[in-house]
Amino acid sequence: MKITDACIHPYPAGDSTLARMALEAAGLGFDSIVAIGDVGHQSSGPEVLRGAVIGAASLKEVLRQVRDPAVRGADVVYVNAGEISFNRAIVSVKEVHVVRNIHATRRNAFDHVAARTAAERGVGVDISMAPIIQLRGTKRQRALQRYADILSLQRRYGFGLTISSDARSILGQRSVRDVRGLCALFGMTGAEVSEALSSVGRLTEPHRPVRVVG
């Protein structure tokens, strides 16, 4: 399976061009990347998938946005996490592949109900490296705790995880080795990191029931 940085933000959302970030990703050990926005045509380097992020406050708005041609044409569709009822609902939307920004939610906003549904529907949860790299003090510890909570639920219910640099420039990108070290901070094993780094292809296949473990 391909080792994938599950989310980067090239220019104009970020500071570095897609071509430059793709080249950097290849040098850091990645086979593919998911770029948010219009990726155009890349003639060389790692495979570039197009991602679309839905930022919405209600399920109704998510359902409206997934019908947008710009979203429907994406290889990977993300929804920013929110309150508990919202998170429980969005993991049932068939067009959604991954829930992201989990570090910014309240504790238990992604609970056992959402976890079980995500496993059944084949929806993943993204672990972004950006908060671990960029935040300090209490905010960083809170992000690590949220990731530890998600990891605990994943081990029990078996939904997919993705790992992203969430980088907006080449300075925010990290190597596969660095990712392993950062993920170890909240208890993720090397095998679990490898599984998460290669999960994008499985999550974007037609959704099918996932075996619930534990």
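Rules of the game
Along each chain, the written sequence defines residue order, and numbers are assigned to residues from 1. Where local features are concerned, this predicted model is filtered to residues with pLDDT of at least 70; where side-chain atom pairs are given and counted, the filter is 80 or more; whole-chain, interface and lining totals use all residues. Note that water and hydrogens are dropped before the side-chain values are worked out from all heavy atoms of the structure. Under the DSSP-based scheme used, a helix requires at least four consecutive residues in state H or I and a strand at least two consecutive residues in state E, with every element numbered from the N terminus. Radius of gyration: over C-alpha atoms. The globule rule applied is 2.2 Å multiplied by the number of residues raised to the 0.38 power. Note on exposure labels: buried denotes an accessible area under 20% of the residue type's maximum, exposed denotes more than 50%, and partly exposed covers the range between, all computed with a 1.4 Å probe on protein chains only. When DSSP finds at least two bridges between two strands, those strands are taken to pair. Note on geometry: axes are C-alpha line fits, over the in-contact stretch for helices, and angles between N-to-C directions span 0 to 180 degrees. Only heavy atoms enter the contact rule, under which two residues are in contact if any of them lie within 4.5 Å. Note on ring pairs: Phe, Tyr and Trp rings are taken, using the six-membered ring of Trp, and paired if centres are within 6.5 Å. Classes follow the plane angle, with under 30 degrees stacked, over 60 edge-to-face and the rest tilted. In this text, buried Ala, Val, Leu, Ile, Met, Phe, Trp, Tyr and Cys residues form a nonpolar core when linked through side-chain atoms within 4.5 Å. In this analysis, the expected span of each helix is defined as 1.5 Å times one less than the number of residues it contains. The working definition used for a salt bridge is a side-chain nitrogen of Lys or Arg within 4 Å of a carboxyl oxygen of Asp or Glu. Grid points spaced at 1 Å over the protein atoms alone were grouped into cavities, where a 1.4 Å probe fits but cannot get out, and pockets, open sets with protein on both sides within 12 Å along at least five of seven lines, with lining residues defined by an atom within 4 Å of a point. Grid points are joined across faces, edges and corners, and a volume is the space filled by probe spheres set on the points. Gly is put with the polar residues, along with every residue not named as nonpolar or charged; the nonpolar set is Ala, Val, Leu, Ile, Met, Phe, Trp, Tyr, Cys and Pro, and the charged set is Asp, Glu, Lys and Arg. An angle below 35 degrees is read as roughly parallel, one above 145 as roughly antiparallel, one from 65 to 115 as roughly perpendicular, and any other as oblique. Rotating anticlockwise by less than a right angle from the far helix to the near helix defines a left-handed crossing, while the corresponding clockwise rotation defines a right-handed one.

Q: How would you explain the overall build of the protein if you had to name every residue and give the values?
A: Scanning the protein from N- to C-terminus turns up 10 helices and seven strands. Relative to the globule expectation of 17 Å for 214 residues, the C-alpha radius of gyration of the protein, 16 Å, shows essentially globular dimensions. Each principal axis of the C-alpha distribution contributes one length, and for the protein these read about 40 × 40 × 30 Å. Considering the protein as a whole, with its 214 residues, one finds that 50% of them fall into the buried category.

Q: Give a description of the sheet that holds strand β7 (residues 161-164) that names residues and reports values.
A: In a beta sheet, neighbouring strands are held together by backbone hydrogen bonds and run either parallel or antiparallel to one another. Spatially, the seven strands line up as an open sheet ordered β1-β2-β3-β4-β5-β6-β7, and their pairing is parallel. With one partner strand each, in any of the chains shown, β1 (4-8) and β7 form the two edges of the open sheet. Across the sheet, the mean angle separating the axes of adjacent strands is 30° when strand polarity is ignored. Docked against the sheet, helix α7 (residues 137-157) engages β6 (124-128) and β7, running at close to 150° with respect to β6.

Q: Just give me the short version of the packing of aromatic side chains, but keep the residues and values in it.
A: In the structure shown here, the tally under the stated rule is two aromatic pairs. With a centroid separation of 5.6 Å and 65° between ring planes, the pair formed by F110 and F159 is classed as edge-to-face. Remark: F159 occurs in the loop between α7 and β7 and F110 occurs in the loop between β5 (98-100) and α5 (112-121); sequence separation between them is 49 residues. Residues Y147 and F186 carry aromatic rings whose centres are separated by 5.4 Å and whose planes lie at 55° to one another, so their mutual orientation is tilted. Here the residue Y147 occupies a position in helix α7, and F186 occupies one in the loop between α8 (176-184) and α9 (190-197), the gap between them amounting to 39 residues. Residue F186 is classed as buried on the basis of its relative accessible area of 8%.

Q: So what about the nonpolar core? Which residues, and what values?
A: In this structure, F110, F159 and I163 are the most contacted members of the largest nonpolar core, which totals 58 residues. Broken down by element, this core gets its largest block of residues, six residues, from α7. Apart from residues no more than four positions distant in its own chain, F110 is found in contact with N87, V91, I102, A115, A118, V125, R146, I150, L153 and F159.

Q: With reference to specific residues and values, describe α7.
A: Taking 1.5 Å per residue, 21 residues should reach 30 Å; α7 reaches 31 Å between its end C-alpha atoms and fits that length. Taken residue by residue, α7 has A143, L144, R146, Y147, D149, I150, L151, L153, Q154 and Y157 as its buried positions. Here the buried face of α7 lies against α5, β6, α6 (130-134), β7 and α9.

Q: Describe in detail the pattern of salt bridges, supporting the description with residues and values.
A: Per the counting criterion, the structure on display carries nine salt bridges. Notably, a salt bridge pairs E61 with R64, separated by 2.7 Å at the nearest N-O pair. Pair noted here: E61 and R64 are both in helix α2 (residues 59-65), with a separation of three residues, about one helical turn. Here R64 falls in the partly exposed class, since its relative accessible area comes to 46%. A salt bridge links E195 to R202, with the shortest nitrogen-to-oxygen separation between them at 3.1 Å. For R202, a relative accessible area of 28% puts it in the partly exposed group. Within the structure, one salt-bridge network assembled from shared partners comprises R107, R146 and D149.

Q: Now, about empty space enclosed by the protein: what can you tell me, with residues and values included?
A: Enumeration according to the criterion identifies one cavity of 30 Å³ or more in this entry. In this model, the largest cavity occupies a volume close to 40 Å³. If you trace the largest cavity, you find it lined by D5, F30, M129, I163, S164, S165, R174, V179 and L197. Residue composition of the lining of the largest cavity, by class: five nonpolar, two polar and two charged.

Q: Provide a residue-level description of the packing of α8 against α9, including the pertinent values.
A: Taken N-terminus to C-terminus, the directions of α8 and α9 make an angle of 125°; their axes are 10 Å apart at the nearest point. Relative to α9, the element α8 lies oblique. Relative to α9, α8 is oriented so that their crossing is right-handed. Two secondary-structure elements touch here, α8 through V176, V179, R180 and C183 and α9 through G190, V193, S194 and L197.

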